[in-house]
Amino acid sequence: MKLRRSWTVPVASLLAVLASGGWLLQEGAAPPASEALLETVVRRVSDNFVEEVSAGELYDMAIDGLLVELGDPYAAFIRADNQTAALLNNNYGGVGMRILAEEEGITVLGIIPDSPSSKLDLQPGDRIVEVDGESTAGWSQEEAVSSLRGPKGEAVHVAVAREGTPDLIQLDIVRDDVHIVATQSLMLSDDVGYVYLQQFSRKSTEELQAAVNDLLAGGARSLVLDLRYDQGGILREAVEIADLFLDAGKMVVDTRARDPRDSYSFTAPGPDRYPGLPVVVLVNAWSASASEIVAGALQDHDRALVLGTRTFGKGVMQSVFPLPGGNYLRLTTGTWYTPSGRSIHRSRGEGEDTFALGSNEFNDAVSEAVQLGMGATDGFVAVPDPTMEDTVEAPTYRTDSGRLVYGGGGIVPDVIVAPDTLTIAEQELRQVLMDSDVPFNDLAFRFAVQYHREHPDLTENFTVTPELRSEFLDYLEQRTGAALDVDLVDAAGDLVDFQLGRQLAAAAFGEDAGLRRAVERSRQVSEAVRLLNGAASPEELMALGEQTRNAKANESIGPES
Amino acid sequence: MKKLNKSWVPAVAVTVMALGSGGWLLQQGVAAQESTVYRARLFDEVQRLVSERYVEEVDSSNLYRMAIDGMLSELGDPYSVFIGAEDSDDLELSIEGDYGGLGIRIQKVGEWITVMGVIPNSPAERQGLMTGDRIVGVEGESARGWDDTQAVDHLRGPKGTPVSISIGRIGAAEPLEFTVVRDEIHVETVRSFMVDDRIGFVDLDQFSRDARTELSNAIHDLQSKGARELVLDLRWNPGGLLDQGVAVSDLFLPRGAGIVETRSRVEDQNFTFAAPTGDEFPGVPIVVIVNPASASASEIVAGALQDNDRAVILGTPTFGKGSVQTVFALPGGNHLKLTTAGWYTPSGRSISRSSMHGSEDDLALAVTAQVSATRGIVADTAGREVFHTKGGRVVYGGGGITPDVIVPDTTTLDERQLEQSVGRAGYSLNQLAFRFAVQWTNDHPDIDPDFTVTPAMRDEFQHMLSEVEGLEIDPDLFQRVQPRIDRFLEAQIANSAFGDLEMFRRFEAQSPMYLEAVRLLREATTPEDLLRLASGGESSSGAGRMDGEKVGAGTDVSEGGN
C-alpha cells in the first residue's frame, strides 16, 4: 500500500463542460426551494442524465425521496400495483398453510384451522411440487409465499406429493381471508393462568377474552399476560383489550397531532371484566406500539404489574391516506400519551438502529428471534438489549396511586427482570445459524413431524436424548449442507435440546405442548409466578412489586456475566 | 426506460394550469396513470399531505429541498447531487482551485489534527511549522477532536488573509503561536526517483491542472539520470480533470492514437479525444501500477495505454468510475451536478462497475484505507464483455480496468489483526509509527541517510505502544508482524528526518507490486518485449495472466480496501 497523504486540496471529480455558460452566483439570501425549482431540476435531469429517465419517473422518485429525507421511518408511499396496497384494499387472500420452501419443493408444516386448506385433503409433511402448473423445486421462501397468495375468491391449483401415495394429489384451493388466532394459553400452576398475545389483529380481543375465561374456569386466580415480542397492530384492539381490565371511563390512550382529524382519545367503554384478578404483564424490547399502549394504561391505573425489560418505544401513530389511482400514503401524524401523560416514544435518529416496525431490520430481528424458536414464549435474548435500565434522565410521572413511572423511551417495567442470556457458545451457534441462513425453527419442526410419524409411542413428557439430538443434527446437515462444528454444538447443547424439544412437542402434541416447554424455562415467567403467588389482589400485587423494586434499587435480576 | 417525453414544455404548462385551478385533469386508463401530469400531481398531493398532516411542522421550502435531494438519491447515482446556494463557495473552490492555504499536509491522529508534512516554499514552511506539530487551536478556537474536513474548513480561506494557529510541539511546554498568511499553494502532484541506473519510478497523485507538465518534467529528469524504462504509479489516484487525463495519456501515445470517447444523450456533448502531440518517450517500456483506489482519469490513462498496447498494466482491478459529471447553474445560486456522460476506452469499453454509477463512499474508503486487504484477487472475467486492443489482446469491459498482470496486495491474518487491535484504540499502525518517529527524530537529530531499523527502535516503539491508552497488543502477535512494523517505522522515520520523497521511496521498495513491476522491466528491453513477458512469454510464476487465472488464496474481491 501507499502511505496516504492528506491533502489540503479537495478531491475533484471528473468535470467536463460547465453548461449554461457561467456562474449565476448571487449575493445575498437565496430564494427558498420551491415547486419551480423542483420542476427545473426535473427538466435538467430528464434532458441530460446519462441514462434515459422520464419526468414522470422523476416525480415518482421525488415522492419516495421526500419520504426518505423526511426521516419518518414509518412513512411509505404504497403503490397501487403493490401487494401491500392489495392488503389494504382487502383484496388479497391466502390458503392457510405454514410452509417451508426447500430444494425439492414446498413442504407443508402445518394447516391453519378454519382456513381454505383445512377443508381439503392436506396434511403436515405433504410436499407441494407444483403451483399452477409450475414446478416449485428450488423456489425461495418469498416466491413460495407469494405464489400461494392472491386475489380472494380465485383458486390456485396445486399438485401434492405424499409419502405412501403413488400419484400426485391435485387440488384447487380457493383463496380467502386467513385468520390466525393470536393467542395461546395454558395453566402455569394450579391457580396461575398464562396467555400470550402474538399481535393485535382482528378478533384478538375476543380471542383473549375467551382464553382468559377458559383459564378462570380451569381454576386460575391470577394471570400472566405475555406481550413480549408483540409488535402491535390494530389500535382499536389495543383499546378493547385494555378495556377488559379497566373500569369504565378510565383513560386508555390520548393522541395528539397537528391536525384535529388525526387526534383522538380513548377511554375504556365497559367495566373491568375481571375485577380483583391480579395481573402481571410481561414485556421486552420487542414489545411495541399497541403492546405499549396496553402496558402503559394498565400500569398507570395500577391495574397490572409490568415485568420484564424496557420496551421498544414506538409512541407515534400513523394515518393512511388514500390517493388517486389506488395509491396510499402512510405517514406519522401524531404522538400518543399514556393516561398519566407520558410519551414513551424513543426517537431513533439517522445512524441509530432504526428498528422501524415493518422495516427490514425490525422484521429481520424479530424473525430471527422466531426462527431460532425464540418466540414470545420464552425469555431468551435474541439480540443484545441496549435499552436496559437507564432511567436516570427519564422524565417521571405518577400512576393513579402515586407509584413512580417513566417516560422518554419505552415503558419501563415496574419490576425489571433480565431475560436469560445465552452462553457464549449458544450465542456463537445462533450467529452461525443466522449467517448461514438456516431456518432453524422450521427445519426443527419439519424434522419433528417426521420423527413423530416414525415414533408414534412418544409421550408428552419426553426428554431430548443425545441420540435424538444427533439424529436431528444429521438431518439438519443433510437438508442445509451446513456442517456444524461438533464442539460448538456440544457446548451449546442445552439450547439445541430445548429448541428441538419444543418443536417436537408442538408437532406431536399441539402448540400448547410446545408453548409449555418454552414458558416453563423462562426466568421472567418464573418471577411473575412468584409474585402472583404472593398476592391475593391487584393491590397486594402492586405493593409486592414496589417492595421488590425498592429491594433491588438499581440492580436488575440478571445472570453473572 | 421510457422515451424522453418530448412534449415536456406543453406538459409543464398544463401542470401549472391544473394546479392553479385546483382540480384534477381526470383521465381514464393506464396511459393516464403514466403521464407526467398525473405523476406530478400525485407528488403534489403527497407534498400537501406531509405539509398539513405530518406530526412535525416542516416548512414548504424544506419540503421541496427534501424532494429534490431525495429524488436525486433515488436516481441511484451518488455523483448526481444538488448543491444548495449555501455550498456554492465550496463548489467554486473545488473546481477553480483558487483558494489560499498554508502548505501543510494534515491528518487526524488521536484527538488532534497533526501536521504530517510541510510543503516546500509555502507560507507554513516560511513560518517554521514542522512535521509532527499538533494543531491545538485556530483563531482562538480549540481544535480538539476536529476531523480533517473541519480543519480544512478553518484553515483554508481567501488568498492573502491571515490565520492564527496554536501549535503543540514536542519538546515545547507551552503551545506555540503562529500567524500564517494564506497563499496559493502549489501542490506537487508528482514524486519520482531512480530505482536503479536504468529504471525510473514516477508517481502521480491526482490529475490536477498541471499534472501533465509536472509528469513530463519529472520523467525527462529521470531520463537525464539514465532512465530507459519507467514505472508509472497511479495507485490511490482518484482522478481529477478530464483534459489532464487526456493530456497525460498523450505523453505516451503516438499522434492520432485514440484515448477516450465520451458519450452522452445530448448530441453536442459527445467528444472523441485522440493524442494531439505524440509519444514523448518512444521506445520506453512502461509498467503502470493500479489498485482499487485508482479511479476516473487514472482509468482513462490505464485504459488508453492498455488498448494501444503501449504499457503493461499491473496491480489489482481499479475502481470502475467511467462517468463524467456536468455542473448546471440553477436559479437562486443553486447548482446541479449531474452525471451526463459515460466515457469509453479506445476499444470501446465502459469500465464502470454495474452501471454508470459507483459510490463516492467506496472511493473515500479506498483512499483512506490504511490496510488494503485485497486478499487473493480473482480477476472475475466470467460474463464480462470482451474487447480487443489494437494488437489483438483480449481486454474486458465493466468492473474497472483489469490489469494485464495481477499482483494481489495481500496482508496476512496477523497483520489485519494487528490493525484491528490498534484500530480499537482509535489509531492506525501508520499513525502510531508516525508518532513514534516524530519523537525518535527529535531525540536523535543526526540520523544516517542510509539508516535501517534497529532493535533499539523496535523496543522503544513497543514501549511507546504500551503507554497508549487502551492499547494492548499480544507480544507474540507483535513478533509475527515484525516485518510490517519495521516497514512503517522505517517509512515514518524517513519522513520525519528526510521528507516525503524519502519516505515514499523506502516504503515502496518493499511493495509486492513495485517489486514485480521492476522485475518485469529488468527482463524487458522494448515495449513489445515487455508486453510479451506480461502475456506469459517467459515470465516466471507469481504473476497472473490475462485470462483471469486466480492468484493467491481466498475468493474475496475486495474493492476499496478495508
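From a predicted model like this one, the values you see are computed outputs, not experimental measurements.

Draft legend 1. Summary view of the nonpolar core. Core analysis: the largest hydrophobic core is formed by 46 residues, its most contacted members being Val45, Leu70 and Leu331 of chain A together with Phe43 and Met71 of chain B. Looking at which element gives the most residues to this core, the answer is helix α2 (residues 55-70) of chain A, with nine residues. Excluding its chain neighbours within four sequence positions, the residues that come into contact with Leu70 of chain A are Leu331 of chain A together with Val50, Tyr54, Val58, Leu63 and Met66 of chain B.

Draft legend 2. Local environment of the pattern of salt bridges. Residues and elements named next belong to chain B. Taken as a whole and judged by the stated rule, the model has 59 salt bridges over all chains. The partner of Glu45 in a salt bridge is Arg41, with the nearest N and O atoms 3.5 Å apart. You can see Glu45 and its partner Arg41 sitting in helix α3 (residues 36-53), four residues apart, about one turn around the helix. By relative accessible area, which is 12% here, Glu45 ends up buried.

Draft legend 3. Focus on the side chain of Arg182 of chain B. Structurally, Arg182 of chain B is set in the loop between β8 (176-181) and β9 (183-184). For the buried residue Arg182 of chain B, which engages in no salt bridge, the nearest side chain bearing the opposite charge is Glu139 of chain B, 5.6 Å off.

Draft legend 4. Structural view of unusual backbone geometry. All names here are of chain A. In this model, Asp114 sits at a positive phi of 65 degrees, which is unusual for a non-glycine residue. With respect to the helices, strands and loops of the structure, Asp114 is situated in the loop between β5 (105-111) and β6 (127-131). Its relative accessible area of 72% is what places Asp114 among the exposed residues. The phi dihedral of Asp132 is positive, around 50 degrees, even though this residue is not glycine.

Draft legend 5. Molecular detail of the pairing of β6 of chain A. All names here are of chain A. Of the strand pairs in this sheet, β5 and β6 are connected by two bridges, and their pairing is antiparallel. Each residue of the ladder has a partner; that of Ile106, found in β6, is Ile128. Pairing geometry for β6 and strand β9 (residues 155-162), over four bridges, is antiparallel. Residue pairing in the sheet places Ile128 in a bridge with Val160 of β9.

Draft legend 6. Just helix α17 (residues 500-508) of chain B, in detail. Residue and element names in this part refer to chain B. Extensive coverage of α17 is indicated by the burial of seven of its nine residues. Taken as a whole, α17 has its buried residues at Asp500, Glu502, Met503, Phe504, Arg506, Phe507 and Glu508. Its buried side turned inward, α17 meets β3 (104-109), β10 (190-194), β11 (199-204), β12 (229-233), α16 (482-498) and α18 (512-523).

Draft legend 7. Layout of helix α14 (residues 455-467) of chain B. Residue and element names in this part refer to chain B. With 13 residues, α14 extends 19 Å from end C-alpha to end C-alpha; this agrees with the ideal 18 Å at 1.5 Å per step. Listed as buried for α14 are Met457, Phe461, Met464 and Leu465. End-on, the buried residues of α14 take up no more than an arc of 100 degrees, which puts them together on one face. Structural note: α14 exposes Pro455, Asp459, Ser466 and Glu467 on the side pointing more than 90 degrees away from its buried face. The inward-facing, buried residues of α14 contact α13 (429-443), α15 (475-480) and α16.

Draft legend 8. Layout of the confidence of the model for chain A. Residue and element names in this part refer to chain A. Of the residues in chain A, 82% have a pLDDT of 70 or more, and the chain-wide mean is 82. For chain A, strand β1 (residues 15-18) is the element with the lowest average pLDDT, namely 37, and strand β13 (residues 222-226) is the one with the highest, namely 98. Confidence over residues 4-28 falls short of pLDDT 50; this stretch has 75 contacts with residues more than four positions distant or in other chains. Taken as a whole, residues 350-355 scores under 50 in pLDDT and shows 13 contacts with residues more than four places along the chain or in a different chain.

Draft legend 9. Structural view of a negative patch on the surface. Residues Asp132, Glu134, Glu142, Glu143 and Asp172 of chain A make up a contiguous surface patch of negative charge. Structurally, the position occupied by Glu142 of chain A is in helix α4 (residues 141-148).

Draft legend 10. Molecular detail of the packing of helix α8 (residues 211-224) of chain B against helix α9 (residues 242-252) of chain B. All names here are of chain B. At a closest axis distance of 8 Å, the pairing of α8 and α9 adopts a crossing angle of 25 degrees. As summarised for this structure, α8 and α9 are arranged roughly parallel, according to the angle between their axes. Taken as a pair, α8 and α9 cross one another with a handedness that is right-handed. The residues of α9 that touch α8, namely those facing Ala211, Arg212, Leu215, Ser216 and Ile219, are Gln244, Ala247, Val248, Asp250, Leu251 and Phe252. A class-by-class count of the residues in the contact of α8 with α9 yields seven nonpolar, two polar and two charged.

Thresholds applied
Residues numbered from 1 in each chain as written. Chains lettered and ligands numbered in written order. Predicted model: local features only at pLDDT ≥ 70, side-chain atom pairs only at ≥ 80, totals over all residues. Heavy atoms only, no water. Core = buried A, V, L, I, M, F, W, Y, C linked by side-chain atoms within 4.5 Å. Buried < 20%, exposed > 50% of the residue type's maximum accessible area, 1.4 Å probe, protein only. Helix = DSSP H or I, 4+ residues; strand = E, 2+ residues; numbered from the N terminus. Contact = heavy atoms within 4.5 Å. Salt bridge = Lys/Arg side-chain N within 4 Å of Asp/Glu carboxyl O. Lys, Arg positive; Asp, Glu negative; His and termini not counted. Pairing = 2+ DSSP bridges. Expected span 1.5 Å × (residues − 1). Arc of directions from axis to C-beta. pLDDT = per-residue confidence, 0-100. Patch = residues over 30% accessible without salt bridge, like charges linked within 9 Å, V, L, I, M, F, W, Y side chains within 5 Å. Areas by Shrake-Rupley, 256 points an atom, 1.4 Å probe, with all protein chains shown as cover. Charge placed at Lys NZ, Arg CZ, Asp CG, Glu CD. Axes fitted to C-alpha atoms, helices over the stretch in contact; angles between N-to-C directions. Parallel < 35°, antiparallel > 145°, perpendicular 65-115°, else oblique. Left-handed = near helix turned anticlockwise from the far one by under 90°. Nonpolar A, V, L, I, M, F, W, Y, C, P; charged D, E, K, R; others polar.

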